[in-house]
Structures are given as C-alpha cells and as structure tokens.
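Report on the structure
Chain residues, written in single-letter form:
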Amino acid sequence: MGLLDILLGRTKPVAPDLDQLFALPSAAVTLEAAAGFTPTGSGAVCFATVEGAAFEQTHREVQALLDADADRDGPPVQLRRDEYGYSWLVSERAPDELPQLVNDLHAVNASMEVNGFGPQLLCSLAGFRDGEGRTLALVYLYKRGTWFPFAPLPDGGQRRDNSLELRVRAALGDDLRIEQDLSRWFPVWGAPGL
C-alpha cells in the first residue's frame, strides 16, 4: 500500500484464507454447547454464475475429486441455481460428518480458485438445526476471510432472528474469525444447504 492510498483512505482488500474453513468443526462443538444447534450435514459454495467449457471442466474435476469418497450416497456435489441468478455447488453428508463436509467445501473453493474462478466465489455455508427445528447457517465470506451467522425465522417469510445471530456471534468469537461489519451479514434466503 502506497502513501497515496493512505492519504486517500484506501485499504488493501483482505486476501481469501480458505484455511478458515477448517475452524468450523471446533466451532460446531461450541455452537452446540452454547445454543443447542447441531450440523445438518448440508453445505454449499455460492458463486456468480459461470457458463462455458472451462467451468464445466472444473465442475467435472470437483465431482471426480469428491467422488473418490466411497462412503457417500448419491453425487458428491450438485449444481443448483437460485432465483437471484447465483450458482451453488451443494454437498450433502450425514450430520456427524462435519469434518468431511468441510473438506468438500474446501475442495470446491480451492478447485474454483485454482482454475481461475476465484473472483466469482462469494461465500460458503454449513447448515445447523436445533431441537425446535430452527435453522442456522454459518456463512464464510470468501473475499473477506470471515464468518457470520444467518438465522432465518421459521415462519417461512424473509425475516431474520437477529438476537440469535448476535448470540451466536458472541459464542463463536473465539472459534471463528467473525465479520465485524454487520452490514456485510447479508441474507442468503432459500440457500441450498440451509
């Protein structure tokens, strides 16, 4: 960063840190103890929709890489598009296989990054549920290298449980690098994997 950047108040963008994904299993233990949420086994990587042969090749590579896991039923990752025009590579595991799910999410992100699709990566998430049926996602912001909780209210509308999100932030502050700028805690309505 140069002197002109300092004088004009510009900051250097934070570099993505995919290793932050590996903090999720220990954070899940804390989350269960603090709030009663357990993993659902669902997770997803969101990116700006990409078309073309290069992406199809990357998708096949990710499928082949994750297909080596013989313990899984069904395809390793499924490609889905949401109503907002974003694409999601979704992984489904058994609820007790959170470390394997994290490996899947890391492999998808790393493959996309290595094949030149890093600028299209937006976020990754892992789904959680409590005994009352409430859902929660821990969302990793690729471009920021930080996490935030997203808790939709169970009424089916597009409203969030802000108090739950703030409680989760407080509980996981020592386990995950939490995004401090609350304006970056964007909603992921209808996200596959949630």
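Refer to the structure above for everything that follows.
Residues numbered from 1 in each chain as written. Predicted model: local features only at pLDDT ≥ 70, side-chain atom pairs only at ≥ 80, totals over all residues. Heavy atoms only, no water.

1. So, the environment of F47
Definition in use: Think of it this way: any DSSP run of H or I at least four residues long counts as a helix, any run of E at least two long counts as a strand, and we number them from the N terminus. Relative accessibility under 20% of the residue-type maximum defines a buried residue, over 50% an exposed one, and the middle range a partly exposed one, all with a 1.4 Å probe and only protein chains included.
Along the chain, F47 falls in strand β1 (residues 38-48). The exposure class assigned to F47 is buried, which follows from its relative accessible area of 0%.

2. Examining the nonpolar core
Heads up, the condition is: For our purposes a nonpolar core is just a set of buried Ala, Val, Leu, Ile, Met, Phe, Trp, Tyr and Cys residues, chained together by side-chain atoms within 4.5 Å.
Within the largest apolar cluster, 53 residues are counted, with the highest numbers of intra-cluster contacts made by W88, F128 and L138. Here this core gets eight residues from one element, more than from any other, and that element is helix α4 (residues 98-117).

3. A few points about the packing of helix α3 (residues 53-67) against α4
Put simply, the rule reads: For helices, the fitted line uses only the C-alpha atoms of the stretch in contact; every axis is such a line through C-alpha atoms, and the angle between N-to-C directions lies from 0 to 180 degrees. Orientation is classified from the angle alone, with under 35 degrees giving roughly parallel, over 145 giving roughly antiparallel, 65 to 115 giving roughly perpendicular, and any other angle giving oblique. In a left-handed crossing the near helix is turned counterclockwise from the far helix by less than a right angle, and in a right-handed crossing that turn is clockwise. Only heavy atoms enter the contact rule, under which two residues are in contact if any of them lie within 4.5 Å. Polar here means any residue outside two lists: the nonpolar Ala, Val, Leu, Ile, Met, Phe, Trp, Tyr, Cys and Pro, and the charged Asp, Glu, Lys and Arg; Gly therefore counts as polar.
Closest axis-to-axis distance for the α3/α4 pair is 10 Å, and the angle between their directions is 150°. Considering the angle they form, α3 stands roughly antiparallel to α4. In terms of crossing hand, the pair formed by α3 and α4 is right-handed. Here α3 contributes A54, F55, T58, E61, V62, L65 and L66 to the contact with α4, which in turn contributes D104, A107, V108, S111, M112, N115 and F117. In terms of residue class, the contact of α3 with α4 is made up of nine nonpolar, three polar and two charged.

4. Overview of the pairing of strand β3 (residues 86-92)
The side chains of a regular strand alternate, residue by residue, between the two faces of the sheet. Just so we agree on the cut-off: In this description, strands pair whenever DSSP reports at least two bridges between them.
Burial runs high along β3: five of the seven residues are buried. In this structure, β1 lies alongside β3, joined through seven bridges in antiparallel fashion. Counterpart to G43 in the pairing with β3 is S91. The pairing of strand β2 (residues 78-81) with β3 spans four bridges and is classified as antiparallel. What sits directly across from Q78, in β3, is V90. Remark: four residues form the turn of the hairpin made by β2 and β3, two consecutive strands paired antiparallel; G85 in that turn has positive phi of roughly 90°.

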